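# Topology and contacts: notes
Chain residues, written in single-letter form:
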Amino acid sequence: MARTAPRWLAHPSRFAALDRRRARLGLVLLVLLLLASLSALFAEQPPSLMPTARTDAATTSAATMPQDSDLILYQKIVTGIRNGAGDYYTVATDALRAGRYPLRPFITVRMPALATVQAALPNWAPPLLLMLLAVVTATAWALRLGQALPGLLPRVVAGMLLLGSMLAFLQATLWPFHEIWAGLLVALSLALRRPGRWVEPAALALAAMLIRETAALYAVIMAVLAWREGARTEARGWVAALLLFAVALAAHAYAVTGATGPLDPTSQGWSGLLGIGFYVKAVSLSTVLQLLPLWMGALLVGFALFGWASWDDPLALRVLLTLLGYGAVIALFARADNFYWALMVAPVFLVGLVFVPDGVRDLVTRALDKRRITVTRVTR
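Residues numbered from 1 in each chain as written. Predicted model: local features only at pLDDT ≥ 70, side-chain atom pairs only at ≥ 80, totals over all residues. Heavy atoms only, no water.

### A closer look at helix α13 (residues 314-333)
- Here α13 contains 20 residues, and its C-alpha end-to-end distance of 28 Å stays within 8% of the 28 Å for a straight helix at 1.5 Å per residue.
- Turning to α13, its buried residues are L315, A316, R318, V319, L320, T322, L323, G325, Y326, G327, I330 and A331.
- The opening residue of α13 is D313, an N-cap whose side-chain oxygen sits 2.8 Å from the backbone nitrogen of L315. (Helix = DSSP H or I, 4+ residues; strand = E, 2+ residues; numbered from the N terminus. Expected span 1.5 Å × (residues − 1). Buried < 20%, exposed > 50% of the residue type's maximum accessible area, 1.4 Å probe, protein only. Polar contact = N/O pair within 3.5 Å; in protein donor to acceptor, adjacent residues only side chain to side chain.)

### Examining a nonpolar patch on the surface
- A cluster of nonpolar side chains, contributed by L25, V28, L29, V31, L32 and L35, occupies part of the molecular surface with about 550 Å² of accessible area.
- Relative to the helices and strands, V28 is located in helix α1 (residues 20-37).
- Here V28 falls in the partly exposed class, since its relative accessible area comes to 45%. (Patch = residues over 30% accessible without salt bridge, like charges linked within 9 Å, V, L, I, M, F, W, Y side chains within 5 Å. Areas by Shrake-Rupley, 256 points an atom, 1.4 Å probe, with all protein chains shown as cover. Salt bridge = Lys/Arg side-chain N within 4 Å of Asp/Glu carboxyl O.)

### A short note on the packing of aromatic side chains
- Applying the stated criterion across every chain yields a total of eleven aromatic pairs.
- Measuring from centroid to centroid gives 5.1 Å for Y88 and Y89, while their planes differ by 80 degrees, and the two rings are edge-to-face.
- Among the residues examined, Y88 registers a relative accessible area of 8% and is labelled buried.
- What makes Y89 buried here is its relative accessible area of 16%.
- Relative to Y340, the ring of F339 lies with its centre 6.2 Å away and its plane at 70 degrees, an arrangement referred to as edge-to-face. (Phe/Tyr/Trp six-rings, centres within 6.5 Å; stacked < 30°, edge-to-face > 60°.)

### Structural notes on unusual backbone geometry
- In the segment running from R104 into P105, the intervening peptide bond is cis, with an omega of -5 degrees.
- By the element assignment, P105 lies in the loop between α3 (88-98) and α4 (113-119).
- In the Ramachandran plot, R100 falls in the positive-phi region, its phi being about 60 degrees despite a non-glycine side chain.
- Topologically, R100 is positioned in the loop between α3 and α4.

### So, the pattern of salt bridges
- All chains considered together, the criterion is met by twelve salt bridges.
- For the salt bridge of R193 with E234, the shortest nitrogen-to-oxygen distance reads 2.9 Å. You can see R193 sitting in the loop between α7 (178-192) and α8 (199-211) and its partner E234 sitting in helix α10 (residues 232-259), a full 41 residues away along the chain. We note that R193, like E234, is buried.
- Between R335 and D337 there is a salt bridge, and its shortest N-O distance comes to 3.2 Å.
- With relative accessibility at 18%, the residue D337 sits in the buried group.
- By sharing partners, the salt bridges in this structure join R193, E229, E234 and R318 into a single network.

### Things to note about the packing of helix α5 (residues 125-148) against α7
- Following both chains from N to C, one finds α5 and α7 inclined at 30 degrees, their axes separated by 9 Å at the closest point. One finds that α5 runs roughly parallel with respect to α7. In this structure, the crossing between α5 and α7 has a hand that is left-handed. Taken together, the residues of α7 that come into contact with α5 (itself represented by P126, L129, L130, L133, A134, V136, T137, A140, W141 and R144) are I180, W181, L184, L185, A187, L188, L190, A191 and L192. (Axes fitted to C-alpha atoms, helices over the stretch in contact; angles between N-to-C directions. Parallel < 35°, antiparallel > 145°, perpendicular 65-115°, else oblique. Left-handed = near helix turned anticlockwise from the far one by under 90°. Contact = heavy atoms within 4.5 Å.)

### Remarks on the nonpolar core
- Residues I77, W141, M209, W308 and F349 are the most contacted members of the largest nonpolar core, which totals 114 residues.
- Once residues within four sequence positions are removed from consideration, W141 is found in contact with L162, A187, L190, A191, W308, L315, V319 and V348. (Core = buried A, V, L, I, M, F, W, Y, C linked by side-chain atoms within 4.5 Å.)

### Focus on empty space enclosed by the protein
- Across all of its chains, the model carries three cavities of 30 Å³ or more by this definition.
- Roughly 100 Å³ of volume is contained in the largest cavity.
- Lining the largest cavity we find 13 residues, and of these Y74, I77, Y88, R110 and H178 sit closest to its centre.
- Elements that contribute at least two residues to the lining of the largest cavity include exactly α2 (70-82) and α3. (1 Å grid on protein atoms, 1.4 Å probe; cavity = no way out; pocket = protein on both sides within 12 Å on 5 of 7 lines; lining within 4 Å. Points joined across faces, edges and corners; volume = space filled by probe spheres on them.)

### Points about helix α6 (residues 152-165)
- Its 14 residues place the ends of α6 20 Å apart at the C-alpha level, agreeing with the 20 Å of an ideal helix rising 1.5 Å per residue.
- Three or more residues of α6 are buried, namely P154, A158, L161, L162, G164 and S165. Axial view of α6: buried residues confined to an arc of 160 degrees, hence all on one face. Across α6 from its buried face, at more than 90 degrees, point the exposed residues L152, L153, M160 and L163.
- Contacts from the buried residues of α6 go to α5 and α11 (276-286). (Arc of directions from axis to C-beta.)

Structure, rendered in structure tokens:
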């Protein structure tokens, strides 16, 4: 069956060659996706990023918690290292105790790379570097999208969606926040990856993992897809990056264990089971969708996922599986105060909306296709 000519895309969408039965199934799945996205209306409300403090139910109550945000905590750690208050682990664990944060297990203490580098720089440098990384990431994505979207209007729309996705990442005041840097590095890694070009993307992923260990999920997805596509050298490269990260994480665990004791508070764990709706709400709060009514933002999140599924390109598959992978992690494990995990995938999330017109058009066209193949038997 011939594919329908694309409207915005340079090449037909993934759904352009579906038969009628599969296209109808695709429409059903799209409706189910949108309904699942609307479950955000009933999801738990995350706390504000600024006036929150982590809780330790065993030792404190919400009424006695200091109003100290994660952002201020990370600023204090960088300032302490810069002022010579001690090495990273001494300063970080002291700051966590002062803020009544949990220190066990070891992953409650962030890895030292970001704070150590920021402390070695003058005050004005980290915000400037963050803006530079955001601009480079946006530029890399604009170049990739320009190849898929030949028309001026789709390119303008894609640019606006990219800016909307990067709303939080363009706020220089968030420079101490680990997910801000790691999310941009993951997005830049995705934009730069091409068949046969994986060294720079894998290096960026390693940098992201050293800043925020949850970036390891992205590297695993990339390794699996490379192996599945037969790119064995690339797959081994991603595995090598993961092994280097594992060594660094083990060293970090050893250092944290040496700086903490049995009396330090333990995290309440990560088994929130808050569901898909919470992931959708977290993405909405991490992008320009926070300015819209929740029901509208939730639907746009669902359509964005559908859009990434529509673009028939290896990059789109990698983005989609990354979005779904982090969605599963957030839906299953995040607590309400972990909503900022969505920043790991926010930088390009809404760009998927630019692929929706072709995807929906192709699904509907194929689902309504009534053409039949008539077989005529000729007897001689």
